[in-house]
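Listed below are the residues making up each chain.
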Amino acid sequence: NFLRMLNRLESLSDWLPVRTSVVLEPLQPDPSHFIFVSHFKQEAGTEATLFLEAVTMMITRDPFHVAFDLAVPVFIDTESLSDLSKIKDAVRVSDNLVILLTPGMLSRPWCLLEVATAVSHGVSIVPVAVQRPGMDFKYPDEEYYRDLRAGATLGPDAIRLLHREGVTLEELEAAIRSVFQQISLPFSPHKSGNVRQAELKDILNRCTSRRT
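Residues numbered from 1 in each chain as written. Predicted model: local features only at pLDDT ≥ 70, side-chain atom pairs only at ≥ 80, totals over all residues. Heavy atoms only, no water.

Asks: Help me out: how do you make sense of the layout of surface pockets in this one?
Replies: Its boundaries defined by the atoms lining it, the largest pocket holds a volume of some 230 Å³. Around the largest pocket, the lining comprises 14 residues; the ones closest to its centre are His39, Phe40, Lys41, Trp110 and Cys111. Looking at the lining of the largest pocket, the elements with two or more residues in it are β1 (33–38), α2 (41–60) and α4 (109–120). Among the elements that take part in the lining of the largest pocket, α4 stands out by supplying four residues, more than any other. Across the lining of the largest pocket, the residue classes tally to six nonpolar, four polar and four charged. (1 Å grid on protein atoms, 1.4 Å probe; cavity = no way out; pocket = protein on both sides within 12 Å on 5 of 7 lines; lining within 4 Å. Points joined across faces, edges and corners; volume = space filled by probe spheres on them. Helix = DSSP H or I, 4+ residues; strand = E, 2+ residues; numbered from the N terminus. Nonpolar A, V, L, I, M, F, W, Y, C, P; charged D, E, K, R; others polar.)

Asks: Would you explain the packing of aromatic side chains in this entry?
Replies: Here a ring pair, both rings aromatic, is described through the centre-centre distance and the interplanar angle of the planes. Evaluation of the coordinates by the stated rule reveals six aromatic pairs. An angle of 85° between the planes, with centres 4.9 Å apart, marks the rings of Phe137 and Tyr139 as edge-to-face. Judged by centre distance (5.5 Å) and plane angle (75°), the rings of Tyr144 and Tyr145 are edge-to-face. A relative accessible area of 4% places Tyr145 in the buried class. Taken together, Phe137, Tyr139 and Phe180 form an aromatic cluster joined through their ring pairs. (Phe/Tyr/Trp six-rings, centres within 6.5 Å; stacked < 30°, edge-to-face > 60°. Buried < 20%, exposed > 50% of the residue type's maximum accessible area, 1.4 Å probe, protein only.)

Asks: Can you walk me through the pattern of salt bridges in this structure?
Replies: Side-chain pairs of opposite charge can arise whenever the charged atoms involved come near each other. Tallied over the full model, the rule gives nine salt bridges. When the shortest N-O distance is used, the salt bridge between Glu165 and Lys88 registers 2.9 Å. In this pair, Glu165 is assigned in the loop between α6 (156–164) and α7 (169–179) and Lys88 in helix α3 (residues 84–92), connecting sequence segments 77 residues apart. What makes Glu165 partly exposed here is its relative accessible area of 24%. Assessed through its relative accessible area of 12%, Lys88 is described here as buried. A salt bridge links Asp157 to Arg160, with the shortest nitrogen-to-oxygen separation between them at 2.3 Å. One end of the pair, Asp157, and the other, Arg160, are both in helix α6, three residues apart, so they sit about a helical turn from each other. Judged by its relative accessible area of 46%, Arg160 falls in the partly exposed class. Bridged by salt links that share partners, the residues Glu142, Arg149, Glu173 and Arg177 form one connected network. (Salt bridge = Lys/Arg side-chain N within 4 Å of Asp/Glu carboxyl O.)

Spelled out as structure tokens, the structure:
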């Protein structure tokens, strides 16, 4: 009897639905950024870090902010990336390019490449003037643009680098001109906390989102 019952159970098992295991893939973090901070490290490395820390805190403390769920809402090149394609990719996946304006910024080919990449990919640009003694930024005038077109502003190596990345001096000039069609905002890291907070709030409010 036992063997007969066992055989019957085995035959019934052929008609039972087969249980399948479902493996859920872990959610991948969003690789995009709300802000890419473009800066000349020798002049504004400290200010860029302060900006990153303060703005990241403002975003992550606001669950209603559009960038709240991003793994890296504010990006700076802390690893000194030598691969220009990675820098350009980081700019492309950013909603905003915040440019920290310091005296040497417009002479740095990597900074200029970031600006040109942002303009060509529709990334919103927010110019920010770093307020610090001895750090006065000279806004480009027609003499600057004339020298840029003539190749006098950048050295041969910088021009070759830009050309390798597909950026002509004419395209670069148009990109820079588009940046300064808007008024820059101040960032005064050495002033009081209330002043810094108000400035950072204005900068954050200027930034826009491409998310729907």
